[in-house]
Amino acid sequence: MKLVHSGYDLAMELKENQINVLSIENKMAYSEILRDMWNQVQGQEGSFILSDKEKQLKISKEMECIFNPFSLDCNDRKILNKLHQEIKDQLDSFQLEEAMTLNTNINKFLDGLLMKVPYALKYNPDFDLAGLLKLYNLEVESSGKKVLERIVEYLRVMSKVCGVYNYFFIGLKQYLSKEELEKLYEFIFYEKINLILVEAVQPPLLSVEKCWIIDKDLCIIEL
């Protein structure tokens, strides 16, 4: 898999067991590249091109962009919608019969309840599993308190539930120690996740990291 930014003639191979670090020293380039990342992850236009064996991929479906690890939520709408659909797809014929029996009993309960009020009221009598899951607040159990734990939980859920395995992470090295980075990388390599770190300055590199620098003169240096 390859990620290219046409505006700066930048090309990065996304390989297994390798962390890509993009250090952008030029402030204008930093702003423009981050804008493109964010816009394209949201489905808008930009200069990044993601491809796999010459096939161009849609960045909004294949990548996520993380600016703030404290805002990561394993129960955001995208994840819960996918999770509810996955559970709905797991209904077999026996469980569907149980669901219909449950719905019949709920309708009887509502009919009896509504007869006690002096208003003409109605409700939707059809069974809605997604509505039932929301009613009982079905969500991913999350216990991570430390930054590393929050990141690992989020990446695990996003990859397993939403099928997203490629991530931009802005300023990650400002949050994690060398030991924490090594633990994160071990998890990422095991899950076959591609991670691109974007930094405003060139950080010290670990052995599994490959770095591209866009310097103040917009020259690209590959380390």
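Cut-off values and rules
Residues numbered from 1 in each chain as written. Predicted model: local features only at pLDDT ≥ 70, side-chain atom pairs only at ≥ 80, totals over all residues. Heavy atoms only, no water. Phe/Tyr/Trp six-rings, centres within 6.5 Å; stacked < 30°, edge-to-face > 60°. Helix = DSSP H or I, 4+ residues; strand = E, 2+ residues; numbered from the N terminus. Buried < 20%, exposed > 50% of the residue type's maximum accessible area, 1.4 Å probe, protein only. Salt bridge = Lys/Arg side-chain N within 4 Å of Asp/Glu carboxyl O. Contact = heavy atoms within 4.5 Å. Axes fitted to C-alpha atoms, helices over the stretch in contact; angles between N-to-C directions. Parallel < 35°, antiparallel > 145°, perpendicular 65-115°, else oblique. Left-handed = near helix turned anticlockwise from the far one by under 90°. Pairing = 2+ DSSP bridges. Disulfide = S-S within 2.5 Å.

**Quick notes on the packing of aromatic side chains**
Okay, so step 1: Throughout the structure, instances matching the rule amount to four aromatic pairs.
Okay, so step 2: Their ring planes at 50 degrees and their centres at 5.5 Å tell us that Phe-48 and Phe-168 sit as a pair that is tilted. Here Phe-48, found in strand β4 (residues 48-52), pairs with Phe-168, found in strand β7 (residues 166-170); they are 120 residues apart in sequence, far enough to count as distant.
Okay, so step 3: When its relative accessible area of 5% is taken as the criterion, Phe-48 is described as buried.
Okay, so step 4: Ring geometry for Tyr-185 versus Phe-189: centroids 6.4 Å apart, planes at 35 degrees, classification tilted. Linking Tyr-185 with Phe-189, this pair stays in helix α7 (residues 178-191), spanning four residues, or about one helical turn.

**Considerations on the pattern of salt bridges**
Okay, so step 1: Counted under the stated rule, the structure contains eight salt bridges.
Okay, so step 2: A salt bridge links Glu-13 to Lys-2; the nearest nitrogen and oxygen atoms lie 3.8 Å apart. Placement of Glu-13 in strand β2 (residues 10-13) and of Lys-2 in strand β1 (residues 2-5) is noted, with a sequence separation of 11 residues between them.
Okay, so step 3: We classify Lys-2 as partly exposed; its relative accessible area is 32%.
Okay, so step 4: Residue Glu-209 is joined to Lys-173 by a salt bridge in which the shortest nitrogen-to-oxygen separation is 2.7 Å. With Glu-209 in strand β9 (residues 209-214) and Lys-173 in the loop between β7 and α7, the pair connects residues that are 36 residues apart, well separated along the chain.
Okay, so step 5: By relative accessible area, Glu-209 is classed as buried at 8%.

**Here's the deal with the environment of Ser-60**
Okay, so step 1: Position of Ser-60 relative to the elements: it lies in helix α2 (residues 59-62).
Okay, so step 2: On the basis of relative accessibility, which here comes to 21%, the residue Ser-60 falls in the partly exposed class.
Okay, so step 3: For Ser-60, the residues in contact, after removing those within four places along its chain, are Gln-40, Val-41, Gln-42 and Gly-43.

**Thoughts on the packing of helix α3 (residues 77-89) against helix α6 (residues 147-162)**
Okay, so step 1: Two numbers describe how α3 lies on α6: the axes approach to 10 Å, and their chain directions differ by 45 degrees. When the interaxial angle is binned, α3 and α6 end up oblique. In the packing of α3 onto α6, the handedness of the crossing is left-handed. Within the contact between the two elements, α3 uses Lys-78, Ile-79, Lys-82 and Leu-83 and α6 uses Tyr-154, Val-157, Met-158, Val-161 and Cys-162.

**Looking at the sheet that holds β1**
Okay, so step 1: Across the sheet, which stays open at both edges, the four strands sit in the order β2-β1-β4-β5 with antiparallel pairing between neighbours. Whereas interior strands pair on both sides, the edge strands pair on one side only; in this sheet they are β2 and β5 (55-57). Strand-to-strand twist across the sheet, computed as the mean angle between neighbouring axes with direction ignored, equals 30 degrees.
Okay, so step 2: Pairing of β1 with β4, which is carried by four bridges, proceeds in the antiparallel orientation. In the strand pairing of β4, Leu-3 is matched with Leu-50.

**Describing the sheet that holds strand β3 (residues 19-24)**
Okay, so step 1: Sheet architecture is open: six strands sit in the order β6-β7-β8-β3-β9-β10, paired in mixed fashion. The sheet terminates laterally at β6 (63-66) and β10 (220-222), the two strands that pair on one side only. Each strand axis lies, on average, 20 degrees off the axis of its neighbour in the sheet, ignoring direction.
Okay, so step 2: Here β6 runs beside β7; their pairing, made up of four bridges, is parallel. Considered in β7, the bridge of Cys-65 is made with Phe-168.

**Let's talk about the state of the cysteines**
Okay, so step 1: All told, the structure shown has zero disulfides when counted by the stated rule.
Okay, so step 2: Unpaired in this structure, Cys-74 has its nearest cysteine sulfur neighbour in Cys-162, at a distance of 10 Å.
Okay, so step 3: Using a relative accessible area of 6% as the deciding quantity, one classes Cys-74 as buried.
Okay, so step 4: Residue Cys-162 is classed as buried on the basis of its relative accessible area of 14%.

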